[in-house]
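Breakdown of the fold
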Amino acid sequence: MANPKDNIPRSIVVLGAGVQGLTVACLLLSEGHSVTIVAKGTPESLESDELYASNKAGGNWQSYAVDTDLRLQGWDEVTFRAMWTMAGSNRLSSESGIRRTVMYQYYPTKPVDWKPHWFGERGVSPNYKVLKDSWKFPEGVAFGVEFETHAPKYISFLAKKFKCLGGQFSVRKVDRLSDLYNENSKVDVVINCSGLGSRKLGDVMDESVIPGRGQIMVVYAPHIKFTLKTKIGESFGEQELGTYVIPREGGYVVLGGTYQIGNSDLTPDPEIAKGIMERCVAACPELLSPDGSYPTILDHSVGLRPVRKGGVRLESSTQC
């Protein structure tokens, strides 16, 4: 495998057109490399891949980095600073959908071992602060923090940027990474960003990669201008749930959600949807209409996050 860091323009194939693959491809194009994205589905052909999940995400910048995972925190910090800069540009914010919003994170009680989140402690997220006891918490909440974040919906923006930089899409199914070398002797580097697809990719077969089912709904609530996450009511049988409210452009708001490890069912569950609405309204009463009714539901959606036991796999190998 050629080294893309030696400043020599390379012919590179990126496998996967989700947010990760698109971002990697755009960065490589900006450095002068020739890049083709090969994927079963792209933002321009979502119908060809039912497992394409990037367009279904709520759109928060944070990963699930724990306090001890300095590598993942470092990637989160780079992501936050890049998106924070984009959100500060009127043009880029308008084109990408990335914007800065206040975010509240609630807890039923103050954790015994609580300390500021790493992004607050290190000054990554501006205006991070603990909410005072006088804050008007919803029922069931006694502690929270406030910080600034953004809600991107910029998959189409990345696809457009990729093409404007000279990148090309090749929409097709790939069975093995080695096929991408064998099909074109001029390919110098192949980068695997196939996410959940790595589980069944012939010469990868990473069984540590499993689905993390996420179910959301989209409602119309144009008055909601802040993002909210909470630890209220996170259980549904043996499945883990999350509660979050994330505004998007046009008055749309994403309500979530679930984090169901090993569940690959793409059909929205009515009972879970009911629970999402109830939890979100309990945490964010502002969602209710003046007459006390729930906001209008526009859509239900399910996406499968790629989750990997043991953490992110980032490594290189040489094709002989």
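Residues numbered from 1 in each chain as written. Predicted model: local features only at pLDDT ≥ 70, side-chain atom pairs only at ≥ 80, totals over all residues. Heavy atoms only, no water.

Across its full length, the protein chain holds 7 helices and 12 strands. Rg of the C-alpha trace for the protein chain: 21 Å, near the compact-globule value of 20 Å for 320 residues, within the 12% margin. Dimensions along the principal axes, computed over C-alpha positions, put the protein chain at roughly 65 × 40 × 40 Å. A burial count over the protein chain gives 45% of its 320 residues as buried. At a minimum sequence separation of 6, the contacts of the protein chain that also span at least 24 residues come to 68%. Counting every atom, the protein chain has about 16,900 Å² of accessible surface; 51% of that belongs to carbon and sulfur. (Helix = DSSP H or I, 4+ residues; strand = E, 2+ residues; numbered from the N terminus. Rg over C-alpha atoms; globule rule 2.2 N^0.38 Å. Buried < 20%, exposed > 50% of the residue type's maximum accessible area, 1.4 Å probe, protein only. Contact = heavy atoms within 4.5 Å. Areas by Shrake-Rupley, 256 points an atom, 1.4 Å probe, with all protein chains shown as cover.)

As a further point, take the pairing of strand β8 (residues 209-220). Among the 12 residues of β8, 11 are classified as buried, and the element is accordingly described as predominantly covered. Here β8 pairs with strand β12 (residues 296-308) via 12 bridges, running antiparallel. Looking across to β12, one finds that Y220 is bridged to T296. Alignment of β8 against strand β11 (residues 252-261), held across 7 bridges, turns out to be antiparallel. In the sheet register, R213 faces β11, and the bridge partner there is Q260. (Pairing = 2+ DSSP bridges.)

Let us look at the packing of aromatic side chains. The full count for this structure, using the stated rule, is 13 aromatic pairs. Where Y104 meets W135, the ring centres are 5.2 Å apart and the plane angle is 40°; that geometry is what we call tilted. One end of the pair, Y104, is in strand β3 (residues 100-107); the other, W135, is in the loop between β4 (129-130) and β5 (143-150), and 31 residues separate them in sequence. Aromatic pair W118 and F119: ring centres 5.6 Å apart, planes at 85°, arrangement edge-to-face. (Phe/Tyr/Trp six-rings, centres within 6.5 Å; stacked < 30°, edge-to-face > 60°.)

What follows covers the pairing of strand β2 (residues 34-39). Sheet topology places strand β1 (residues 11-15) next to β2; 5 bridges connect them, and they run parallel. Following the sheet pairing, V13 is matched in β2 by T36. For the crossover that starts at β1, traverses helix α1 (residues 19-30) and ends in the parallel β2, the hand is right-handed. Judged from the 4 bridges that link them, β2 and strand β6 (residues 168-171) form a sheet pairing that is parallel. Within β6, the residue paired with I37 across the bridge is F169. (Right-handed = clockwise from strand over helix to strand, strands pointing away.)

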